[in-house]
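Notes for the structure review
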Amino acid sequence: MALILVVEDEAALSETLAYNLERQGHEVIRAMDGEAAIELARANKPDLILLDVMLPKIDGVEVCRAVRQESNVPIIMLTARDEEVDKIVGLEIGADDYVTKPFSMREVLARIKAQLRRARLTAFETTAVEAPHRALKSGNLVVDLERCEASLAGEVLDLKPREYDLLCYLITNKGFALTRDQILEGVWGWDVAVETRTVDVHMRWLRAKIEDDPSDPKRIVTVRGVGYRFEG
């Protein structure tokens, strides 16, 4: 799913964070001090950094400042202090979010998910703007973002609005194994009460329109025990 750098000098908390992130399907690398954090960030280019403020050698504020000079990677800062001045300092140097200890693991995971989704959407929008005619392409499948329509081998597909949204989401996340819950959140949103089997139904409809053989799909493949992955 994503490579996350956890920078936390409390061993027990670091292990707990890593364990829960790995259960979510993420890959985790860890640093126990500021110097190691900067080195790992440069060497591994993580998708997100979870950064404690109080660290040995170099504190989290300086780590954030150093990383931000080289990368736009999402940074969520952790602190045991709840003073407004800390939040202001953290955000002014380029942090994307701020969580105060003690925190619930559910809250941290939700913040991480939100930042990863925001980063992916930003990257998608940047690519779409730079692409000619604002189009997404996967072989002979083309999604015209200006016209809000998709075509296969030059023939416009008769897609329902939700099918179109689903196709855009899948192409945007090409190569990633997506759970049904992730797809529900990304296409239907948090505020809509929809059952996960709705995803399967819409996948079946979409496969019928973009696959040469819907019974043996090559574009939208099923990932057993996970969900779906768009291969193109």
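In the block above lies the structure referred to throughout.
This is a predicted model, so every value here is computed, not measured. Per-chain numbering applies: the sequence of each chain, read as written, is numbered from 1 onward. Given that the model is predicted, a residue must reach a pLDDT of at least 70 before its local features are reported, and side-chain atom pairs must reach 80 or more before they are shown or counted; all residues, however, enter totals for whole chains, interfaces and linings. Side-chain metrics rest on all non-hydrogen atoms present in the structure, leaving aside hydrogens and water.

**Some points on the overall build of the protein**
Our working definition: Starting at the N terminus, helices and strands are each numbered in turn, a helix being any DSSP run of H or I of at least four residues and a strand any DSSP run of E of at least two. Note on classification: 1.4 Å probe, protein chains only; a residue is buried when its accessible area is under 20% of the maximum for its type, exposed when over 50%, partly exposed between these limits. Residues count as neighbours in contact if any of their non-hydrogen atoms are within 4.5 Å of one another. Note that accessible areas follow from Shrake-Rupley with a 1.4 Å probe, and for residues the cover is restricted to the protein chains shown.
Along the protein, the regular secondary structure elements total eight helices and twelve strands. When the 232 residues of the protein are sorted by exposure, 46% land in the buried category. Expressed as a percentage of contacts within the protein between residues at least 6 apart in sequence, the contacts between residues at least 24 apart total 52%. For the protein, the exposed area adds up to about 12800 Å²; of that, 49% sits on carbon and sulfur atoms.

**Focus: helix H7 (residues 180-188)**
Residues spaced three or four apart along an α-helix face the same direction, because each turn holds 3.6 residues. The set of residues buried in H7 consists of Gln 182, Ile 183, Leu 184, Glu 185, Val 187 and Trp 188. Two residues or fewer past H7, Gly 189 is found with a positive phi of approximately 90°.

**Some words on the state of the cysteines**
For the record, the criterion: Any cysteine sulfur atom paired with another within 2.5 Å is treated as part of a disulfide.
Taken as a whole and assessed by the stated rule, the structure comprises zero disulfides. For the unlinked cysteine Cys 148, the closest cysteine sulfur is that of Cys 168, found at 7.6 Å.

**Comments concerning the packing of helix H6 (residues 161-172) against helix H8 (residues 197-210)**
Our working definition: Interaxial angles span 0 to 180 degrees and are taken between N-to-C directions of axes, which are lines fitted to C-alpha atoms, for helices over the stretch in contact. Roughly parallel refers to an angle under 35 degrees, roughly antiparallel to one over 145, roughly perpendicular to one between 65 and 115, and oblique to any angle outside these ranges. Just so you know the grouping, Ala, Val, Leu, Ile, Met, Phe, Trp, Tyr, Cys and Pro go in nonpolar, Asp, Glu, Lys and Arg go in charged, and all remaining residues, Gly too, go in polar.
For the pair H6 and H8, the least separation of the axes is 10 Å and the interaxial angle reads 80°. What the angle tells us is that H6 and H8 run roughly perpendicular. In this structure, H6 uses Arg 162, Glu 163, Leu 166, Leu 167 and Leu 170 to contact H8, whose residues at the interface are His 202, Met 203, Trp 205, Leu 206, Lys 209 and Ile 210. Residues that form the contact of H6 with H8 fall into these classes: seven nonpolar, one polar and three charged.

**Thoughts on unusual backbone geometry**
Excluding glycine, residues mostly have negative phi values, and the peptide bonds linking residues are mostly trans. Looking along the chain, the bond that leaves Lys 101 and enters Pro 102 is cis, with omega of -5°. Looking at the element boundaries, Pro 102 is found in the loop between strand S5 (97-100) and helix H5 (105-130). Here Lys 57, not a glycine, exhibits a phi torsion of approximately 70°, which is positive. Here Lys 57 lies in the loop between strand S3 (48-52) and helix H3 (60-68). Here the phi dihedral of Cys 148 falls at roughly 55°; this positive angle occurs in a residue that is not glycine. Within the secondary structure, Cys 148 sits in the loop between strand S7 (141-144) and strand S8 (149-152).

Shape is all these values report; function is a separate question.
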